[in-house]
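Fold and geometry: a report
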Amino acid sequence: MCGIVGYIGKQDVRNLLLEGLKRLEYRGYDSSGLAVFAQDGFSVVRCTGRVSNLVEATAKNSEEGTLGISHTRWATHGGVTESNTHPHVSSDGKIALVHNGVIENYVEMRKFLETKGFTFSSETDTEALSNLIAYHYAKEQTDAKDASRFFIAVKKALSHVEGTYGIAVTCVDYPDELIGARKGSPLIVGVGQGEYILASDVSAIITHTSNVVYLNDDEMVSMSRDDFRVVSAADEGVDPIIDTIDWDVEDAEKGEFAHYMLKEIFEQPAALENAMRGRFSDDSSTAIFGGLNLTPRELRQVDRILFTSCGTAWHACLVAEYLIERYARIPVEVEYASELRYRNAPLDKNTLVFVITQSGETIDTLGALREAKRKGYRALAITNGVGSTIAREADGGIYQHAGPEIGVASTKAFTSQLMIAAMLALYLGRLRDMSYTDGVEMVKALRSVPELVTETLKQDAQIKEIAVKYAEYADFLFLGRQAMFPVALEGALKLKEISYIHAEGYPAAEMKHGPIALISEECPSVFIATDGEIFQKVLSNIQEVKARKGKVILIHSKSCEVPRELVDDAIVIPDAADSIMPILATVPLQLLSYYIAVARGCDVDKPRNLAKSVTVE
Ligand code: M6R
């Protein structure tokens, strides 16, 4: 949530900040602003709306400089107004600050600062912090041996903060110092030649450098034009590890596609291939994962797995439950991370905890991971966020290697999580009762996925036609059974997120117990049914909808025999093994919601009220 870009170097900072903000806009797009360290103090420009507004305003109203900070906001405290937009400059004009996170004790801070003569012009928690830094700065008299007076003031102010922050700060008396700090909100340093970029994620720096330092919680960084220094909470110098980002600028660009979401839907064959790369045994009968940090013997002792996460990744957990219980015969439970972290759930000592998260930064998932670790459980992560907080704090895990996902609606990250779930089911199954030949069959099925997804994507034009036909409906039901139930949930979430249509996902048979009351000519149902033992049961559920004049879109596998009169529209996916059907069935749902949203004129990549990575509670 919210994007930060700060820069110190030799270039005019304005274009660099604006370009970074455009790349971070998927993190928040209510309003944006920048502060440049200019000749006569800070030159601040702030605007509500998209970053494009800020680009225009900056061209008219800003001064140049080589040090600056900027922010794109997803509102938490205070409405979407210019005065609530970051940067926030302290009322004495000394400190400019941008902030991600939530300062929980800002009301007390504010009261205290008012008694000290500081004034406030916004409703934000952030302004309290900029004034608090200014307060400590005024109290501090001189520079210390290895830290500036400015640095000490920031450190002292942060010691009073309850809550979370990722910040970039400048002080009007320090033209050669940019300070960053993090606790709970991600912050990285892009290391260039004679220049440093502070940002909330790598997409903001990728065009300038691929060398990056991921800051840890409670660390502060001070940057000049020639050097940077990281300091821990204990005030000790930290030897920073400079990592290399392994993706290119083009990976984070739309190219010829109208939206990132569409590009990412079409990138799925490659993302799925990457999830498998180098991860099958030489005899192709099982999967191998280098990073679990658990021996096969330890894994055999696991008698229960608890999966936890949020949103789309939670749907991936539900699919993992079906796959692991079926193929590895290990009991699995799935919990929302936001609930698990505050529940005192009894966990058995042989329980393994897994979180799934695209970004690796979702605060609730991180909270659940930390809580599990605090209780002494082994907690692993499946994540696309290389170097993310969760990747670094988990006891081990599996990287998705799906490449950057910019569209707010998750697509390729979800199917890549399903692929990893299937591979994990295979791996755990082969450590137990799955035979060699069944293992070989499953590997064959998994390897066929990229090609089958490519085949499914060829129905793009047909799905678009169906989408246009249904774009004006206000309510939808998504129905599936077994592993197709979480797929139905995901279909409903995609539609809600990007087209603002009310949609609910249900197990198809459960519909009779309530949701059937919604069925009418005005509420279409999307059924997902693949060939198998319960296909006939799903057909019965479809009959029940038809009997009530409901319209039916059916996504079914090729060899299913579907009575034509039962469906209004059908989308056919290839026949395939059950283990990979959730992946194949997801693809048409993504396209359907995408084209419905486009037909309704919605901003697909930046849906209202949402942000890509939810780093506040
Ligand atoms: O980065 P994460 O996978 O942890 O994110 C979890 C959810 O916030 C995310 O899946 C969200 O539901 C997406 N907008 C879904 O499209």
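Residues numbered from 1 in each chain as written. Predicted model: local features only at pLDDT ≥ 70, side-chain atom pairs only at ≥ 80, totals over all residues. Heavy atoms only, no water.

A short note on the overall build of the protein
Within the protein, the regular secondary structure consists of 19 helices and 25 strands. Against the 2.2 N^0.38 benchmark of 25 Å for 617 residues, the protein shows a C-alpha radius of gyration of 26 Å, consistent with a compact globule. A total of 617 residues make up the protein; the buried ones form 61% of that total. Long-range pairs, those at least 24 residues apart, make up 71% of the contacts in the protein with a sequence separation of at least 6. Counting only carbon and sulfur atoms, one obtains 47% of the accessible surface of the protein, whose full area is about 23,600 Å². Averaged over its 63 positive side-chain charges, the protein has a centre that lies 3 Å from the centre of its 86 negative ones. (Helix = DSSP H or I, 4+ residues; strand = E, 2+ residues; numbered from the N terminus. Rg over C-alpha atoms; globule rule 2.2 N^0.38 Å. Buried < 20%, exposed > 50% of the residue type's maximum accessible area, 1.4 Å probe, protein only. Contact = heavy atoms within 4.5 Å. Areas by Shrake-Rupley, 256 points an atom, 1.4 Å probe, with all protein chains shown as cover. Lys, Arg positive; Asp, Glu negative; His and termini not counted. Charge placed at Lys NZ, Arg CZ, Asp CG, Glu CD.)

Overview of the site of the ligand
As a matter of local geometry, the ligand sits amid 13 residues, with Thr357, Gln358, Ser359, Thr362 and Glu497 nearest to it. Threonine 362 is positioned such that a nitrogen or oxygen atom in its side chain is 2.4 Å from an oxygen atom of the ligand. At a separation of 3.0 Å, an oxygen atom of the ligand approaches a polar side-chain atom of lysine 494. Here the ligand, which alone exposes 410 Å², has 90% of that area covered by the protein. Of all the secondary structure elements, the ones that give two or more residues to the shell around the ligand are α9 (311-328) and α17 (484-499). Top contributing element to the shell around the ligand by residue count: α9, with three residues. Tallied by class, the residues present in the shell around the ligand amount to four nonpolar, seven polar and two charged. (Near = heavy atom within 4 Å. Polar contact = N/O pair within 3.5 Å; in protein donor to acceptor, adjacent residues only side chain to side chain. Nonpolar A, V, L, I, M, F, W, Y, C, P; charged D, E, K, R; others polar.)

Remarks on the pairing of strand β17 (residues 332-336)
Sheet topology places strand β16 (residues 304-309) next to β17; five bridges connect them, and they run parallel. Bridge assignment links leucine 306 to a residue of β17, and that residue is glutamate 333. Taking the sense of rotation as the criterion, the β-α-β connection linking β16, α9 and β17 turns out right-handed. (Pairing = 2+ DSSP bridges. Right-handed = clockwise from strand over helix to strand, strands pointing away.)

Side note on unusual backbone geometry
Histidine 86 connects to proline 87 through a cis peptide bond whose omega is 0°. Residue placement: proline 87 occurs in the loop between β4 (67-73) and β5 (88-89). Residue histidine 401 is not a glycine yet carries a positive backbone phi of 55°. Within the secondary structure, histidine 401 sits in the loop between β20 (396-399) and α13 (412-430). The backbone of glutamine 482 sits at a positive phi, close to 55°, despite the residue not being glycine.

Considerations on the packing of aromatic side chains
By the definition in use, this model includes 13 aromatic pairs. With a centroid separation of 6.4 Å and 80° between ring planes, the pair formed by tyrosine 473 and phenylalanine 476 is classed as edge-to-face. Here tyrosine 473 falls in the buried class, since its relative accessible area comes to 17%. Between the NZ or CZ atom of arginine 149 and the centre of the ring of tyrosine 137, over which it lies, the distance is 3.9 Å. Positioned over the ring face of tyrosine 500 is arginine 608, at 3.9 Å from the centre of the ring. (Phe/Tyr/Trp six-rings, centres within 6.5 Å; stacked < 30°, edge-to-face > 60°. Lys NZ or Arg CZ within 6 Å of the ring centre and 35° of its normal.)

As for the sheet that holds strand β11 (residues 211-214)
What the eight strands build is an open sheet, ordered β3-β2-β4-β1-β10-β9-β11-β15; its pairing is antiparallel. Each having just a single partner strand, β3 (41-48) and β15 (243-244) make up the two edges of the open sheet. For strand β2 (residues 31-38) and β3, the ladder comprises eight bridges, and the chain directions are antiparallel. In the sheet register, valine 36 faces β3, and the bridge partner there is serine 43. Strand contacts of helix α1 (residues 13-24): β1 (3-8), β2, β4 and β10 (196-199), with the helix running at about 155° to β1, the strand carrying the most contacts. In the packing of helix α2 (residues 51-61) onto the sheet, contacts are made with β2, β3 and β4, and the angle to β3 comes to roughly 140°. (Axes fitted to C-alpha atoms, helices over the stretch in contact; angles between N-to-C directions.)

Side note on the domain arrangement of the protein
Split into domains, the protein comes out as domain 1 (3-245), domain 2 (250-447) and domain 3 (458-607). The interface is formed by 33 residues belonging to domain 2 together with 28 residues belonging to domain 3. Of the roughly 2,400 Å² buried between domain 2 and domain 3 on both sides combined, carbon and sulfur atoms contribute 70%. Its largest share of buried area at the contact with domain 3, domain 2 owes to His259, Met261 and Tyr322, together 22% of the area lost on that side. Viewed at the interface, domain 3 and domain 2 are joined by one salt bridge. As a salt-bridge pair, arginine 326 and aspartate 578 come within 2.8 Å of each other at their nearest N and O atoms. For the pair domain 2 and domain 3, the number of links is twelve residue pairs in polar contact (both at pLDDT 80 or more). (Domains from an automatic or database assignment. Buried area = accessible area lost by both parts, 1.4 Å probe. Salt bridge = Lys/Arg side-chain N within 4 Å of Asp/Glu carboxyl O.)

A look at helix α11 (residues 363-374)
The end-to-end C-alpha distance of α11 is 16 Å, a good match for the 16 Å that twelve residues give at a rise of 1.5 Å each. Among the twelve residues in α11, nine count as buried, and that is most of the element. The complete set of buried residues in α11 reads Ile363, Asp364, Thr365, Leu366, Gly367, Ala368, Leu369, Glu371 and Ala372. Those residues of α11 that are buried are in contact with β16, α10 (337-340), β18 (351-357), β19 (378-383) and α12 (389-393). Positive phi shows up at glycine 376, right after α11, with a value of about 95°. (Expected span 1.5 Å × (residues − 1).)

Considerations on the side chain of serine 122
Relative to the helices and strands, serine 122 is located in the loop between α3 (106-115) and α4 (126-139). Of the residues examined, serine 122 reaches a relative accessible area of 5% and is grouped as buried. At a separation of 2.8 Å, a polar atom in the side chain of serine 122 contacts the side chain of threonine 124. Of note is the side chain of serine 122, whose polar atom sits 2.7 Å from the side chain of glutamate 127.

Considering the environment of alanine 138
Position of alanine 138 among the secondary structure elements: in helix α4. The spacing of alanine 138 and valine 191 is 53 residues in sequence and 31 Å in space, taken between C-alpha atoms.

Remarks on the sheet that holds strand β13 (residues 228-231)
Read across the sheet, seven strands follow the order β5-β6-β7-β8-β12-β13-β14 without closing on themselves; strand pairing throughout is antiparallel. Sheet topology places β5 and β14 (237-238) at the edges, where each strand pairs with a single neighbour. Examined bridge by bridge, strand β8 (residues 178-183) and strand β12 (residues 219-223) share five bridges and lie antiparallel to one another. Of the residues in β12, the one forming a bridge with glycine 180 is valine 221. On top of the sheet, α4 reaches β5, β6 (95-100) and β7 (165-171); it is set at about 140° to β6, its chief contact.

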